[in-house]
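Fold and contact review
Below are the chains, spelled out letter by letter.
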Amino acid sequence: MTYAEELKTKGREEGRVADKQDVLIRQLSRKFGLTDAERQRIRGVEDTERLDAALDELVVAETKEAVLEKLG
């Protein structure tokens with residue numbers, strides 16, 4: 001893989017992470033409300049599996065803590 005291809009791949013992955021973070025922040029804010037610290041916590045998570053777990057939990061969660069717990 002060339003350097004340019006590596007950068008392109010890295011950029012796509014970073015974009016996917018940012019998209020998941022954006023959706024989680026938007027939906028949590030709408031359902032429960034978020035503090036700035038909680039938003040920053042979500043922005044600090046780059047593991048797509050943990051972000052997916054939090055997004056899945058959001059569907060059934062009764063508290064935002066249950067969702068944020070999935071982030072580790």
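In the block above lies the structure referred to throughout.
A few points on the structure. Throughout this document, residue positions are counted from 1 along each chain, in the order its sequence is written. Only residues with pLDDT of at least 70 get local features here, since the model is predicted, and only at 80 or more are side-chain atom pairs given and counted; chain-wide, interface and lining totals rely on the full set of residues. Hydrogens are left out, water is left out, and the side-chain values use all remaining heavy atoms of the structure.

**Brief notes about the overall build of the chain**
Summing up its helical and strand segments, the chain has four helices and zero strands in all. For helices the rule is a DSSP run of H or I covering at least 4 residues; for strands it is a run of E covering at least 2, with both sets numbered from the N terminus onward. Along the chain, from the amino end to the carboxyl end, the secondary structure elements read α-α-α-α. Looking at the chain residue by residue over its 72 residues, the buried ones come to 25%. Once local pairs closer than 6 in sequence are excluded, the contacts in the chain between residues at least 24 apart make up 61%. Exposure was quantified through the Shrake-Rupley algorithm and a 1.4 Å probe, taking into account, for residues, occlusion by the shown protein chains and nothing else. Of the roughly 5,100 Å² that the chain leaves accessible, carbon and sulfur atoms contribute 48%. For the exposure calls, accessible area comes from a 1.4 Å probe over protein chains only, and a residue counts as buried if that area is under 20% of its type's maximum, exposed if over 50%, partly exposed in between. Contacts were defined at the residue level, with two residues in contact if any of their heavy atoms lie within 4.5 Å.

**Quick notes on the environment of valine 17**
Tracing the backbone shows valine 17 in helix H1 (residues 3–31). Classification of valine 17 by relative accessible area gives buried; the value is 8%. When the C-alpha atoms of valine 17 and threonine 48 are compared, they prove to be 6.2 Å apart, with 31 residues separating the residues in sequence. Setting aside residues up to four positions removed in sequence, valine 17 forms contacts with Val45, Glu46, Thr48 and Leu51.

**Let's talk about the environment of glutamate 13**
Among the structural elements, glutamate 13 can be located in helix H1. Look at glutamate 13 and you get partly exposed, because its relative accessible area is 31%. In this structure the C-alpha to C-alpha distance between glutamate 13 and threonine 48, which are 35 residues apart in sequence, comes to 9.2 Å.

**Some details on the pattern of salt bridges**
Two side chains of opposite charge can pair, provided their charged atoms sit close to one another. Should a side-chain nitrogen of Lys or Arg be within 4 Å of a carboxyl oxygen of Asp or Glu, the pair is scored as a salt bridge. Following the criterion strictly, the structure yields five salt bridges and no others. Between aspartate 22 and arginine 43 there is a salt bridge; the shortest N-O distance is 2.7 Å. Placement of the pair is aspartate 22 in helix H1 and arginine 43 in helix H2 (residues 36–43), with a sequence separation of 21 residues. The residue arginine 50 makes a salt bridge to aspartate 47 at a minimum N-O spacing of 3.7 Å. Judged by relative accessible area, aspartate 47 falls into the partly exposed class, the value being 32%.

**A look at the nonpolar core**
The criterion is simple. A nonpolar core is a set of buried Ala, Val, Leu, Ile, Met, Phe, Trp, Tyr and Cys residues joined through side-chain atoms within 4.5 Å. In terms of nonpolar packing, the biggest core is built from 15 residues, with Leu24, Leu28, Ile42, Leu51, Val67 and Leu71 touching the most fellow members. Mapped onto this core, the elements with two or more residues apiece are H1, helix H3 (48–60) and helix H4 (64–69). Each residue touching leucine 28, except ones within four places of it in the same chain, is listed here: Gly33, Leu34, Ile42, Leu58, Lys64, Val67 and Leu68.

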